[in-house]
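Remarks on the overall topology
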Amino acid sequence: MRVLGVDPGLTRCGLGVVDGGKGRSVRPVAVGVVRTPADQDLAQRLLGVADEVERWLDRYRPEAVAVERVFAQHNVRTAMGTAQAGGVVALSAARRGLPVVFHTPSEVKAAVTGSGRADKAQVTTMVMRLLGLEVKPHPADAADALALAICHLWREPMRVRLAEAEARAAELVRAHKARLAAAAKAAGTTKKQNETGARR
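In what follows, the accompanying structure is described. Given the structure is predicted, the values throughout are model-derived calculations rather than measurements.

**Some details on the packing of helix α1 (residues 42-60) against helix α2 (residues 76-95)**
- For the pair α1 and α2, interaxial distance at closest approach is 9 Å and the crossing angle is 40°. Relative to α2, α1 is oriented oblique. α2 is crossed by α1, and the crossing has right-handed handedness. Contacts from Leu-42, Leu-46, Val-49, Ala-50, Val-53, Glu-54 and Leu-57 of α1 reach α2 at Gln-84, Ala-85, Val-88, Val-89, Ser-92, Ala-93 and Arg-95.
- A per-class count over the contact of α1 with α2 returns 10 nonpolar, two polar and two charged.

**Things to note about the nonpolar core**
- Val-18, Val-127 and Leu-131 are the most contacted members of the largest nonpolar core, which totals 20 residues.
- The set of elements that each furnish at least two residues to this core consists of β4 (64-68), α3 (105-113), α4 (120-131) and α5 (140-199).
- For this core, the leading source of residues is α5, giving eight residues.
- In terms of nonpolar packing, the next biggest core, distinct from the first, is built from 17 residues, Leu-4, Cys-13, Val-34 and Leu-98 among them.

**As for the packing of α3 against α4**
- Contact geometry of α3 with α4 gives a least axis separation of 9 Å together with a crossing angle of 45°. With respect to their mutual orientation, α3 and α4 come out oblique. For the element pair α3 and α4, the recorded crossing hand is left-handed. In this structure, α3 contributes Lys-109, Val-112 and Thr-113 to the contact, and α4 contributes Gln-122, Val-123, Met-126, Val-127 and Leu-130.
- Within the contact of α3 with α4, the residues separate by chemical class into five nonpolar, two polar and one charged.

**Side note on α2**
- Between the first and last C-alpha of α2 there are 29 Å, a value that for 20 residues agrees with the 28 Å anticipated at 1.5 Å per step.
- Buried residues in α2 make contact with β1 (2-7), α1, β4 and β5 (100-103).
- Looking at the residues trailing α2, positive phi occurs at Gly-97, about 75°.

**Some points on the packing of aromatic side chains**
- Taken as a whole and judged by the stated rule, the model has one aromatic pair.
- Summarising the aromatic geometry, the rings of Trp-56 and Tyr-60 are spaced 5.1 Å apart at their centres and angled 55° between planes, so their arrangement reads as tilted. Residue Trp-56 and its partner Tyr-60 are both found in helix α1; the two are separated by four residues, about one turn of the helix.
- Its relative accessible area of 14% is what places Tyr-60 among the buried residues.
- Sitting above the plane of the Trp-154 ring, Arg-24 keeps its charged end 3.7 Å from the centroid.

**Focus on the sheet that holds β4**
- If you trace the five strands from one edge of the open sheet to the other, you get β3-β2-β1-β4-β5, paired in mixed fashion. On the outer flanks of this sheet lie β3 (26-35) and β5, each paired with one strand and no other. On average, each strand axis in the sheet is tilted by 20° relative to the strand beside it, whichever way the strands run.
- In this structure, β1 lies alongside strand β2 (residues 12-20), joined through six bridges in antiparallel fashion. Paired with Gly-5 across the two strands is Gly-16, which belongs to β2.

**Considering the state of the cysteines**
- Under the criterion given, the structure shown has zero disulfides.
- The cysteine Cys-151 is free of any disulfide, with Cys-13 supplying the nearest cysteine sulfur at 17 Å.
- Given a relative accessible area of 0%, Cys-151 falls into the buried group.

Reading guide: rules and limits
- Residues numbered from 1 in each chain as written.
- Predicted model: local features only at pLDDT ≥ 70, side-chain atom pairs only at ≥ 80, totals over all residues.
- Heavy atoms only, no water.
- Axes fitted to C-alpha atoms, helices over the stretch in contact; angles between N-to-C directions.
- Helix = DSSP H or I, 4+ residues; strand = E, 2+ residues; numbered from the N terminus.
- Parallel < 35°, antiparallel > 145°, perpendicular 65-115°, else oblique.
- Left-handed = near helix turned anticlockwise from the far one by under 90°.
- Contact = heavy atoms within 4.5 Å.
- Nonpolar A, V, L, I, M, F, W, Y, C, P; charged D, E, K, R; others polar.
- Core = buried A, V, L, I, M, F, W, Y, C linked by side-chain atoms within 4.5 Å.
- Buried < 20%, exposed > 50% of the residue type's maximum accessible area, 1.4 Å probe, protein only.
- Expected span 1.5 Å × (residues − 1).
- Phe/Tyr/Trp six-rings, centres within 6.5 Å; stacked < 30°, edge-to-face > 60°.
- Lys NZ or Arg CZ within 6 Å of the ring centre and 35° of its normal.
- Pairing = 2+ DSSP bridges.
- Disulfide = S-S within 2.5 Å.

So this is what it looks like as C-alpha cells:
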C-alpha cells in the first residue's frame, strides 16, 4: 500500500509518501514541504496548500492519506490554521475517493519510536533508520509527514481488523437479543393459550 502522510500547517505543510511491503517493511517514495507566505490572505494560503496536495495526489497516486490530528495548542491562531490546512487535505483526498485517517501525535510517536512521549529528534532519527535515509528530512515537518505515513501503514491493518471484530461482536449481540425476544414472545403466547384452554 502507498500512503501520503501529511503534517498540516499553513507556514509549512509536510508531505511524505511511503510504500508498505510485507510485514513492517517500508520504502520512501517522496518527501517535501509546502510553504505559504505568512502575509498572504488566508484563503490564498489554503489554496496554495490544496494545489500542491492535488499535484502530489496526481503524481504519486497514494491509496490512502494519513493526516496528523490537531490538538489544542497554546497558540489558538496556529491551531486554527493547522486544522484548516488539514481540512483542505482531507477534502482533496475525499474528492478522489481516498480514505483519510487522522492520527494523533502520540500515536505516530509510539508507532515509530515505541514511545508516545518521544521528541522530534527521536522521531526523525527513527524515520531515517526505518526508511534507510542517509540525509535527514528537513525541516522537521517533512520527517513528521513520513512518520505519519509509516504509522498508518503499521496501525491501519490492526484498526481495520479490530473494527471488523467489533462489528461481528455487535451483530452476534443483536442476533442473541432477537432470539431471546422471540423465545420470550413464544413463551408468552404458549402461556396465554394454556390459560385460555384451562378456562374452557
